[in-house]
Structure formats: C-alpha cells, structure tokens
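One-letter residues, chain by chain:
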Amino acid sequence: MDCYTANWNPLGDSAFYRKYELYSMDWDLKEELRDCLVAAAPYGGPIALLRNPWRKEKAASVRPVLDIYSASGMPLASLLWKSGPVVSLGWSAEEELLCVQEDGAVLVYGLHGDFRRHFSMGNEVLQNRVLDARIFHTEFGSGVAILTGAHRFTLSANVGDLKLRRMPEVPGLQSAPSCWTTLCQDRVAQILLAVGPDLYLLDHAACSTVTPPGLAPGVSSFLQMAVSFTYRHLALFTDTGYIWMGTASLKEKLCEFNCNIRAPPKQMVWCSRPRSKERAVVVAWERRLMVVGDAPESIQYKQLTIQVLLDRLVLRRLYPLAIQICEYLRLPEVQGVSRILAHWACYKVQQKDVSDEDVARAINQKLGDTPGVSYSDIAARAYGCGRTELAIKLLEYEPRSGEQVPLLLKMKRSKLALSKAIESGDTDLVFTVLLHLKNELNRGDFFMTLRNQPMALSLYRQFCKHQELETLKDLYNQDDNHQELGSFHIRASYAAEERIEGRVAALQTAADAFYKAKNEFAAKATEDQMRLLRLQRRLEDELGGQFLDLSLHDTVTTLILGGHNKRAEQLARDFRIPDKRLWWLKLTALADLEDWEELEKFSKSKKSPIGYLPFVEICMKQHNKYEAKKYASRVGPEQKVKALLLVGDVAQAADVAIEHRNEAELSLVLSHCTGATDGATADKIQRARAQAQKK
C-alpha cells in the first residue's frame, strides 16, 4: 500500500494533496521565466510572456518580444514590442491582454496578438509614472489599479467603461508600500496596502487603518498578501514567518501558520479543488513551494457558463467545435450557431491573401439569411481591416438599409449611401445622408449630386423652405427655375422685409423672374401688388389709418367706411374692378355703417348692375325691414316673389306668383304660409292651381 500513497502529502488534519504532471509544456523558451513579465489567464486560458530587457543588462537596440501561448505551451502569437517600457501584464475576463506601460498607457491585444485599442490612466499617472500595477476582475468587468511614483493610487473598476478614480492619500507615505492588492467589498473596488506594521484600506471616500484579528505579535512588516478569486478570503505573510488567513473584510481569522521562513516569497496565491469546500494558500520561494490550509469555503463557485466556453472556443478559432457544441445543446440560433458564424465571418475578412470577391462569396454562401447575423457588422470589421471594397460587397447582402447607410457614410461613400437611402423609402434616412453630404462636399458638387436624385432634391427643398431660405434660392438659380424664384421672392417680400421700399424691390425681382418664366399673369399680378402697396402707403400718409397689407377689396371697403367714396371709385377705376364687384363692396360697406340715406342715394345713382334683390337681402340681414321694402318694389319680375317673401309680404308674393302662373313660385309662397293668418292666401293659391288645371 505504501507505493500508492507515497506521493501524497498531508494538508491540515483531514486532507492530502499530491503533485503530478498533467502534460508537458510545448514551448521552447529561450530565456528563464524570471527574466520575463508573465500573465496567465484564469480557467486554463492563454499565457503571455514579455521578454523584458528593462529588467536585465541588454543592448538598447534589442527590442523585447511578446509571446502568447496556450495553457499547454502551444505558440499562438509572437510580436516585437515597439512601444514603451511595460510594468505589468494581465488578462481581462474577455481574454484580452492588458499591457500597462510606465507612462500610464494601457495597450490591449487579442488572443492572437492583434492590437485592439489603447487608453490612458490619466495625466497624473503620466506625470508621476507607474511604479506598479494590478489587473483585477470584479462582477463589473476587468479593472486596472496603478501605484504612481508619487505613491498615490488610481484605478478603474471596468476598462470596458473607463472611469478613473483617484484614491485617497495615505498619511505620511513617503515610499512604496511593502505589498498591496485590490479588494472588492459591497460592489466597491478598494486598495489594501501595507506600510511597516500597519494596514490601510482605501476606498473612494477615505483611508482607514485596519487590523487583522488574532494576528501573532511581533510583526513589524507585511511582506506579501493575496486575495482569493472571489474576494472573500485574504492571506498575509509577515516578516515573522507567519501566514495569517482570514476573511477579506478582516473581521474573522480562519487560521495562522508559522512556516519558519522569513524571506519574502516570490508569489502567494489561493487555490481550491473544484466543488470542494477545502481551500489553501500556495506560497512559492526561489526553490521551495509550500501549501497552507485548511480554510473551509461555504460558497459554491460558478463554473464557466456555456456562453463563456463558446466565446473562448471562438477566440481560439475553433469554429467547427463550437458549432457542434451549439447543435448538441440545441441552443437557439441567435445565441449559438449564428453568433459563431458571425465571428467566423469577421475572421474571414482578415485573410488578405484572398480576393474581395472570393471572401464575400464564401461568407454569403456560408451565412445566407441566417437569423441574427448582421452583414453590416461584418462589413464594419472588413472596413476596419482596410478592405473598403470588400465592405461594400458585404453590404449588398445586408437587407436593412438603415444598417447599410451609416457604414457607407463612415467609409466616405456618401453618394452610394444616398442611393441606398432613397431605395429604402425612409425619408429620415435620406435627410441624414443629405446633411452629411452638405458638410462633406462643396456647394457646387452638392447641388450637382441633388440634380441627379429628384427625390432627394425634392426633400432637400422642403427642408430648405423651413430652415435655409438662402440655400433654396441658390437651388432655384442653379436650375434656372424662374417660376419658383418668383414665388420665393414673393414670400421673401413679406417674411423678411419690413420697409415698404424693400418689399417693393423684392416684388420687382419676383416680377422679373415671372417674365423670364413666361408667366405674364403672375408678373402682372405682382406689378399690381407693387402699385397697391405704393398707393396704400400714400393713403396712410394722407388719410391716416391702416391700409398697408390690405387686399384690394378691403382697401376699397376701408375707404368707403371712412367716407372717402370718390377715392374708392378712383381706386376701382385704376385697378379695373368690375362694376358688379364695386357695387357689392359699396352696398356691404354702407349697410355695415347703417347709412341708409347714402345707400338709397347710391341705389338711385344709376341702374344697379347687380339688381335690387341684394339690397333687400342686405337690409334684412341688418334687421331693417323698412328699408328693405323700399327696394323690394324695384326688384325685377323674375326675383319679385323672393324679395316680397324676404320682407314678409306673403299675400302680395302670392298675387305675383299667380300672375306669373309659375308653379315653382306658387310652391315657394305656399311653403311660407303658416297658421291661420296665411290661410286665406293658401286657399287663394290652391284655387289658382285648380283653375290652371281646368284650362
């Protein structure tokens, strides 16, 4: 039995561990790991090595090399480092490599060494340089914490949504802390640091001193600290050789172990077995490894989700395997196969040794109309890789114009974007492109583009009518559209000009435009308006009152109401107002004034061109039956019955209707007969009808 248990070592009172080789690393390292910056991603992720000449005596001409390997040492990428000195490396939760430089710049690389982006940790970090840095993970994402040369801390809890926070100052801190780490308590990122025998906790608001419960006496310095992956446990290594283990809140001690080694360890990390409540701390020195336990853990840790697993397979370009897993698990297309195919297509567009036509055809054949796949996203990736023509070809497969147009504008293919927007029939989309074109092109080219797109030109004219009148005028001028130019100047004469001289000048310009358009009617009407404006100004100067902006008819009416009959008649002659219209205007005005005497004189001035029934109607409208009866007797035979009925003389109206032997007039009178008062008249009409039928 001894042979089976010989390689097992005790860990606490109830557990044992053993060490054996799972597999050999495939890498061929030219330098020792101690001479490199090393970062290993969690969950068996990739390993990054930066062979660091800043830590060794090397020629200035030698550039460092960044190598990325799989967890088993398979090479994934290798590139010369051409940027500044790097202080720290770390992997994000999305398996992006974060490289923190001495100047505070953070460069982000993909799993295969492709550069993604960069960001800065702020001006203060740039000025004071970076002494040390940590990449950490929280429920919000992956964060970066910086210790500057001024011994101040700056952090961002989520590099995907960068918000920099300058942590409070530690009182009296004149040199770098002996050790420090990041914590996450109550959804807040914190810094725990050691200065001599003291521990300080920094949050966004304050710096506070904390003391581990049950710590063995005699500690004059903390040499190393480690927080568990879940931020629930903390381990501290002291200069007395003790390892204190407890909760990260520093409220509870779990255990303490004297390792009898006072030299600071090279590394100290927490570890656990899957689905086990037993936890331990692994401490490493130059030639010694020690496992310290037993700390019970009551939390069931979440393992990798299916989505994270698929993401990791996609990052490693293991697309067929990822699709097989999706199909086996029967994941919805949008969450599974479609998403993986989209990633594959984004990788495909980076293959620059294949022609644009072949890549576009291969992607379309593979994707077709797969739900959840956006060709515009794939085209955007192609454009980001410098393959503009490929991006345009891919956009041809995108069925949504609203997704095509923004990328075409970004690629400066504005005219093609305009065509696509017009094809969509979405006026808002067309307006978006037009405004972009307006800012991108000079005025002449912009107008020429509009001339070739009638729908766009019409929409832009509508926009200009409300927003840019001068541009609208330029459009009409370029097209020699004199009719619209005339209409433009008509509107401008009233909208923009307040002085009578300016309005008349604008109207003259409009009249000239109408003549060029061979619209003599509009030109003459405009000239008449100019004459009327000048006359109205003269009337205001001579008579007072308000005449400007009145219509011709209202001007005549105003003159009559003011007692200026001769002026009104002269105005009617000057503007050739027909007699019938003038009589109506004068009749209405005198009735409104209730100047019955003047109205009677006017009616006798000459034979009325409108007859006398309007006089009866106007008087009755003013409730003056007495005056109405004066004109009823003068009404012609064809309107006599109607006039008599208007003044209430039903009996005489009946006599006239009987005399005319007009059935329609008899029926009209009969309809006005009411009650006993008109009974005799009704009988009279009935007898007349009977006699007419006998004949």
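The sections below set out a description of the structure shown in this document. Predicted model, so just to flag it, every value in this text is computed and none were measured. (Residues numbered from 1 in each chain as written. Predicted model: local features only at pLDDT ≥ 70, side-chain atom pairs only at ≥ 80, totals over all residues. Heavy atoms only, no water.)

A look at the overall build of the protein chain
- A count of helices and strands for the protein chain gives 27 helices and 25 strands.
- Computed over its C-alpha atoms, the radius of gyration of the protein chain comes to 48 Å, more than 25% above the 26 Å expected for a compact globule of 695 residues.
- Viewed in the frame of its principal axes, the protein chain has a C-alpha envelope of about 150 × 65 × 60 Å.
- Among the 695 residues that make up the protein chain, the fraction classed as buried is 43%.
- When the accessible area of the protein chain is evaluated, it comes to approximately 37800 Å², of which 49% is carbon and sulfur surface.
- Across the protein chain, the 89 positively charged side chains and the 86 negatively charged ones have centroids separated by 2 Å. (Helix = DSSP H or I, 4+ residues; strand = E, 2+ residues; numbered from the N terminus. Rg over C-alpha atoms; globule rule 2.2 N^0.38 Å. Buried < 20%, exposed > 50% of the residue type's maximum accessible area, 1.4 Å probe, protein only. Areas by Shrake-Rupley, 256 points an atom, 1.4 Å probe, with all protein chains shown as cover. Lys, Arg positive; Asp, Glu negative; His and termini not counted. Charge placed at Lys NZ, Arg CZ, Asp CG, Glu CD.)

Observations regarding a nonpolar patch on the surface
- Taken together, Tyr20, Leu22, Tyr23 and Met25 make up a surface patch of nonpolar side chains, about 450 Å² in accessible area.
- Inspection of the secondary structure assignment puts Tyr20 in the loop between strand 2 (15-18) and strand 3 (36-40). (Patch = residues over 30% accessible without salt bridge, like charges linked within 9 Å, V, L, I, M, F, W, Y side chains within 5 Å. Salt bridge = Lys/Arg side-chain N within 4 Å of Asp/Glu carboxyl O.)

Remarks on the layout of surface pockets
- Approximately 450 Å³ is the volume attributed to the second largest pocket.
- Lining the second largest pocket are 23 residues, and of these Arg116, Val314, His343, Cys346 and Arg381 lie nearest its centre.
- Tallied by class, the residues present in the lining of the second largest pocket amount to 9 nonpolar, 6 polar and 8 charged. (1 Å grid on protein atoms, 1.4 Å probe; cavity = no way out; pocket = protein on both sides within 12 Å on 5 of 7 lines; lining within 4 Å. Points joined across faces, edges and corners; volume = space filled by probe spheres on them. Nonpolar A, V, L, I, M, F, W, Y, C, P; charged D, E, K, R; others polar.)

What to know about the nonpolar core
- Of all hydrophobic cores here, the largest spans 50 residues; its most connected members are Ile363, Leu367, Ile378 and Leu394.
- Counting residues per element, this core draws most heavily on helix 5 (residues 337-348), which supplies 6 residues.
- Not counting residues within four places of it along the chain, the set of residues in contact with Ile363 comprises Trp344, Ala345, Lys348, Val349, Gly368, Tyr375, Ile378 and Leu394.
- Listed in part, the 35 residues of the second largest apolar core include Ala572, Leu582, Leu587 and Phe602. (Core = buried A, V, L, I, M, F, W, Y, C linked by side-chain atoms within 4.5 Å. Contact = heavy atoms within 4.5 Å.)

With respect to the pattern of salt bridges
- All told, the structure shown has 21 salt bridges when counted by the stated rule.
- When the shortest N-O distance is used, the salt bridge between Arg129 and Glu102 registers 3.8 Å. With Arg129 in the loop between helix 2 (123-128) and strand 11 (130-138) and Glu102 in the loop between strand 8 (97-101) and strand 9 (105-109), this pair connects stretches of sequence that are 27 residues apart.
- Judged by relative accessible area, which is 36%, Arg129 ranks as partly exposed.
- According to the relative accessible area criterion, Glu102 is partly exposed, its value standing at 32%.
- In this structure, a network of salt bridges that share partners links the residues Glu96, Asp114, Arg116 and Arg117.

Some words on the sheet that holds strand 8
- One open sheet holds the 4 strands; their spatial order is 7-8-9-10, and the pairing between them is antiparallel. Both outer strands of the open sheet, strand 7 (86-91) and strand 10 (115-120), are each paired with one neighbouring strand and no more. In this sheet, neighbouring strand axes are inclined to one another by 20 degrees on average, regardless of whether the strands run parallel or antiparallel.
- The sheet contact formed by strand 8 and strand 9 spans 4 bridges and is antiparallel. What sits directly across from Val100, in strand 9, is Val106. (Pairing = 2+ DSSP bridges. Axes fitted to C-alpha atoms, helices over the stretch in contact; angles between N-to-C directions.)

Comments concerning helix 17 (residues 520-543)
- When the terminal C-alpha atoms of helix 17 are compared, their 34 Å separation across 24 residues agrees well with the 34 Å that a helix rising 1.5 Å per residue should span.
- Those residues of helix 17 that sit buried are Ala522, Ala523, Thr526, Met530, Leu532, Leu533, Leu535, Gln536, Leu539 and Glu540.
- Immediately downstream of helix 17, the backbone of Gly544 shows phi near 75 degrees, a positive value. (Expected span 1.5 Å × (residues − 1).)

Quick word on the sheet that holds strand 5 (residues 65-69)
- With antiparallel pairing, the 4 strands of this open sheet are ordered in space as 3-4-5-6. Taken across any chain shown, the strands that pair with only one partner, and hence form the sheet edges, are strand 3 and strand 6 (75-80). Each strand axis lies, on average, 10 degrees off the axis of its neighbour in the sheet, ignoring direction.
- Pairing between strand 3 and strand 4 (residues 47-51): 5 bridges, direction antiparallel. Residue pairing across strands places Ala40 opposite Ile47, the latter belonging to strand 4.

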